Amino acid sequence: ITGGTNTSIEFNAGTLSKIQLETGSVATAFEIRPPSQELMMCKRFFQILINSINTAGIETGAMFTGSIGFFTLQFDFEMREAPSFSVSAVGDVSVYSTNQVKVATSISAALTAVNAEINIGVSFTQGNAAFIRFTSGTLNTKFIKLDAEL
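Below: a short report on this structure.

Reading the values: rules and limits
- Residues numbered from 1 in each chain as written.
- Predicted model: local features only at pLDDT ≥ 70, side-chain atom pairs only at ≥ 80, totals over all residues.
- Heavy atoms only, no water.
- Pairing = 2+ DSSP bridges.
- Helix = DSSP H or I, 4+ residues; strand = E, 2+ residues; numbered from the N terminus.
- Core = buried A, V, L, I, M, F, W, Y, C linked by side-chain atoms within 4.5 Å.
- Buried < 20%, exposed > 50% of the residue type's maximum accessible area, 1.4 Å probe, protein only.
- Contact = heavy atoms within 4.5 Å.
- Axes fitted to C-alpha atoms, helices over the stretch in contact; angles between N-to-C directions.

## Some thoughts on the pairing of strand E9 (residues 129–134)
- The pairing of strand E2 (residues 57–63) with E9 spans five bridges and is antiparallel. Pairing of Gly57 across the sheet is with Arg133, part of E9.
- Where strand E5 (residues 93–97) lies against E9, four bridges are found, and the strand directions are antiparallel. In the strand pairing of E9, Val93 is matched with Phe134.

Below, the structure is given as structure tokens:
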């Protein structure tokens, strides 16, 4: 296939396996990468945290002021660039501190390719330790997305 041109491929019968597109005119041996390497390469572009367990903590931090919690979320792998940050809904995230859980009233984040510094609006005593978690509810419906796709 010539690069930079539109090409149509029609299949009437048969099976293709081990398809590999390459640049240049010389084919190389087919490489099978381990699934862990494929996942790592994908996580350069997209990472997601999902509420698969209601009470699991996402990240620890502290109450920066009486109304803002500060948390640094380290990414699984360094991303291609600073990603966009989105949450299913502000109310889907809560903060646990001093044996209490309070639902977030606001969320903002400053992002780099390796972490997100997250500020969550919630009222607790300044200086108290805290951790972020998803608000209880239906599993696998709440998320934090980190997107650095092209």
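Here the narrative resumes.
## Some thoughts on the nonpolar core
- Among the nonpolar cores identified, the biggest contains 20 residues, and Ile58, Phe71, Val95, Ile118, Ile120 and Ile132 are the most heavily contacted of them.
- Among the elements of the structure, E2, strand E3 (68–74), E5, strand E8 (115–121), E9 and strand E10 (143–147) are those that each provide at least two residues to this core.
- Apart from the residues lying within four places of it in its own chain, the contact partners of Ile58 are Leu49, Leu73, Ile132, Arg133, Phe134 and Ile144.

## Focus on the sheet that holds E10
- Judged by pairing direction, the sheet is antiparallel, and its three strands sit side by side in the order E1-E10-E4 without closing on themselves. In the strand order of this sheet, the two ends are held by strand E1 (46–50) and strand E4 (84–87), each with one partner. Averaged over all pairs of adjacent strands, the angle between their axes in this sheet comes to 10°, without regard to strand direction.
- Two elements, E4 and E10, share four bridges in a ladder whose sense is antiparallel. The partner of Ser86 across the bridge, within E10, is Lys145.

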